[in-house]
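So the chains spell out like this:
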Amino acid sequence: MAAKGNRGTVTAAARFHPDEDVEKLRAAMKGAGTDEASIIEILAHRTIHQRQEIKDHFKRSIGKDIMDDLKSELSGNFRKVVVGLMMTAPAYDAYELRNAIKGAGTDEACLTEILASRSNEEIKAFTEAYKKEYGESLEDDICGDTSGMFQRVLVSLLTAGRDKSDGVDEAQAVKDAKDMFEAGEACWGTDEAKFLSVLCVRSRKHLLRVFEEYKKISGREIEESIKREMSGNLEDVFLAIVSCIRSRPTFFAERLYKSMKGMGTNDDTLIRIMVSRAEIDMEDIKKQFFKKYGKTLYSFIKSDVSGDYRNILLELCGAEK
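Computed from a prediction, not measured in an experiment: that's the story for all the values here.

Novice: I tried to follow the overall build of the protein on my own but got confused; where do I start?
Specialist: Regarding its fold elements, the protein presents 20 helices and zero strands. Computed over its C-alpha atoms, the radius of gyration of the protein comes to 21 Å, within 12% of the 20 Å expected for a compact globule of 321 residues. With the C-alpha coordinates of the protein rotated into their principal frame, the extents come out at 70 × 45 × 40 Å. Per-residue burial for the protein yields a buried fraction of 49% across its 321 residues. Long-range pairs, those at least 24 residues apart, make up 71% of the contacts in the protein with a sequence separation of at least 6. When the accessible surface of the protein is summed, it comes to about 15300 Å², and 46% of that surface belongs to carbon and sulfur atoms. Computing the positive centroid from 51 side-chain charges and the negative centroid from 56, the protein places the two 3 Å apart.

Quick look at the structure:
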């Protein structure tokens, strides 16, 4: 199952011959040394579906899994990118969530990013992929690794129950805005459950209307109130939900910027977004990145990382038009 989207930088190769790609990849990994440039040239310019065909053809014609060869020939962050590219979208999300939960400590930011930004269909798909690949329930694993209201928000998102309707109930939008105001700014203490019941369940169109009403009632944007009323992981997940409702590409542009600005690079975040969005909305992410920061995403990546890792990310990013 490939990720759907038509604003990606990676599109289907027009003259695609999986048998030829397999031969080139074999040659790139044969003998002393590895021809990383050939691997990049092929894998960064094929869709998820085409890469699955390459995987299948490799196994059928060679009798082994191409992933084993790639993992043994490549290393570091370059290998992480290539391994991610060779997975289907649900399998990659499941893989990232598994690492976030089972790695050293919990990567709450990864859990937040994936669960807040995926559609109902995508959530159902990676939940199924997780069970199939790891033999465990994603919900059980998340519950075993998180707690409190943060856990409840993640579990709610995991049900993939967001309303998908296009209509807006004006009276309900006003009531939702009023309920959140009274649960936060208007009272002593915060009833976070009220925020959950609105932000995790209502449709995008409805929530955009709620945000307008909230500003009328409170005199503040909903994000300001969340920052004033909450903290830590709970604040982060509610802000991520609001950001994705407003503009998913802007959410990812901000995540990419934060992954590279200052000292050091958050490679896990950088890789995950570049791999997972390349076929969906990378063009929109690039546009929002430039609009917000006055620099191109391409130039940011170029100055922040190096080697084959940089080369493959730049190919996924695509040159500025």
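Novice: Got a minute to help me understand the packing of aromatic side chains in this structure?
Specialist: The description of an aromatic ring pair rests on the distance of the ring centres and on the angle between the ring planes. For the structure shown, the criterion picks out 10 aromatic pairs. What links up through ring pairs into an aromatic cluster is the set Tyr-257, Phe-289, Tyr-293 and Phe-300.

Novice: Whenever I open this one, unusual backbone geometry confuses me. Can you help?
Specialist: For Ala-160, which is not glycine, the phi dihedral falls at a positive 55 degrees. Inspection of the secondary structure puts Ala-160 in the loop between helix H10 (148–158) and helix H11 (170–183).

Novice: I keep staring at the pattern of salt bridges and nothing clicks. Help me out?
Specialist: When the charged atoms of two side chains lie near each other, side chains of opposite charge can form a pair. One pass over the structure, following the stated rule, counts 26 salt bridges. For Glu-136, the salt bridge identified is with Lys-102, shortest N-O distance 4.0 Å. Of this pair, Glu-136 sits in the loop between helix H8 (120–134) and helix H9 (138–145) while Lys-102 sits in helix H6 (residues 89–102), and the two are 34 residues apart along the sequence. Glu-223 serves as the salt-bridge partner of Arg-246, at 2.7 Å between the closest nitrogen and oxygen. Remark: Glu-223 occurs in helix H14 (residues 222–229) and Arg-246 occurs in helix H15 (residues 232–246); sequence separation between them is 23 residues. If you follow the salt bridges from partner to partner, you end up with Glu-170, Arg-209, Glu-212, Glu-213 and Lys-216 in one network.

Novice: Where do I start with the environment of Glu-315 in this structure?
Specialist: With respect to the element layout, Glu-315 can be found in helix H20 (residues 307–317). On the accessibility criterion, Glu-315 (34% relative accessible area) is partly exposed. The contact partners of Glu-315, leaving out residues within four places of it in the chain, are Ile-40, Ala-44 and His-45.

Novice: So what exactly am I meant to see when it comes to the nonpolar core here?
Specialist: Buried together is how nonpolar side chains tend to be arranged in soluble globular proteins. Core analysis: the biggest nonpolar cluster contains 97 residues, and Val-153, Leu-199, Phe-238, Ile-241 and Met-274 have the highest contact counts within it. Per-element tally for this core: the top contributor is H15, with nine residues. Residues within four places of Val-153 in sequence aside, it is in contact with Leu-196, Cys-200, Leu-234, Val-237, Phe-238 and Ile-241.

Novice: Explain helix H4 (residues 66–73) to me, please; I cannot follow it from the model alone.
Specialist: Along an α-helix, residues three or four apart share an orientation, since each turn contains 3.6 residues. Within H4, the full set of buried residues consists of Ile-66, Met-67, Asp-69 and Leu-70. Taken end-on, H4 shows its buried residues confined to a sector of 160 degrees, consistent with a single buried face. Taken together, the buried residues of H4 touch helix H1 (18–29), helix H3 (48–62) and helix H5 (76–85). Where H4 begins, one side-chain oxygen reaches toward the backbone nitrogen of Met-67, 2.9 Å away; that side chain belongs to Asp-65.

Novice: Please clarify how the packing of H15 against helix H16 (residues 248–260) should be interpreted in this entry.
Specialist: The geometry of a pair of packed helices is captured by two quantities: the angle between their axes and the separation between those axes. Between H15 and H16, the least distance of the axes is 5 Å, while the angle of their chain directions is 130 degrees. Classed by the angle they form, the pair H15 and H16 counts as oblique. Taking contact as the criterion, the partners of Ala-240, Ser-243, Cys-244 and Arg-246 in H15 are, on H16, Arg-248, Phe-251 and Glu-254. Class assignment of the residues belonging to the contact of H15 with H16 gives a composition of three nonpolar, one polar and three charged.

Novice: Honestly, the packing of H6 against H8 in this entry has me stumped. Any pointers?
Specialist: Put simply, H6 and H8 touch, their axes get as near as 8 Å, and they point 70 degrees apart. As judged from the angle between their axes, H6 and H8 are roughly perpendicular. For the crossing formed where H6 meets H8, the hand is right-handed. The residues of H8 that touch H6, namely those facing Pro-90, Ala-91, Asp-93, Ala-94, Tyr-95, Leu-97, Arg-98 and Ile-101, are Ala-125, Phe-126, Ala-129, Tyr-130 and Tyr-134.

Novice: So what exactly am I meant to see when it comes to helix H2 (residues 36–43) here?
Specialist: Taken together, the buried positions of H2 are occupied by Ile-39, Ile-40, Ile-42 and Leu-43. In this fold, the buried residues of H2 make contact with H1, H3, H5 and H20.

Novice: How do you make sense of the environment of Lys-71 when you look at a structure like this?
Specialist: Within the secondary structure, Lys-71 sits in helix H4. Relative accessible area serves as the criterion here: at 40%, Lys-71 is assigned to the partly exposed category. Residue contacts for Lys-71: discarding those within four places in its chain leaves Arg-79 and Val-83.

About the thresholds
- Residues numbered from 1 in each chain as written.
- Predicted model: local features only at pLDDT ≥ 70, side-chain atom pairs only at ≥ 80, totals over all residues.
- Heavy atoms only, no water.
- Helix = DSSP H or I, 4+ residues; strand = E, 2+ residues; numbered from the N terminus.
- Rg over C-alpha atoms; globule rule 2.2 N^0.38 Å.
- Buried < 20%, exposed > 50% of the residue type's maximum accessible area, 1.4 Å probe, protein only.
- Contact = heavy atoms within 4.5 Å.
- Areas by Shrake-Rupley, 256 points an atom, 1.4 Å probe, with all protein chains shown as cover.
- Lys, Arg positive; Asp, Glu negative; His and termini not counted.
- Charge placed at Lys NZ, Arg CZ, Asp CG, Glu CD.
- Phe/Tyr/Trp six-rings, centres within 6.5 Å; stacked < 30°, edge-to-face > 60°.
- Salt bridge = Lys/Arg side-chain N within 4 Å of Asp/Glu carboxyl O.
- Core = buried A, V, L, I, M, F, W, Y, C linked by side-chain atoms within 4.5 Å.
- Arc of directions from axis to C-beta.
- Polar contact = N/O pair within 3.5 Å; in protein donor to acceptor, adjacent residues only side chain to side chain.
- Axes fitted to C-alpha atoms, helices over the stretch in contact; angles between N-to-C directions.
- Parallel < 35°, antiparallel > 145°, perpendicular 65-115°, else oblique.
- Nonpolar A, V, L, I, M, F, W, Y, C, P; charged D, E, K, R; others polar.
- Left-handed = near helix turned anticlockwise from the far one by under 90°.

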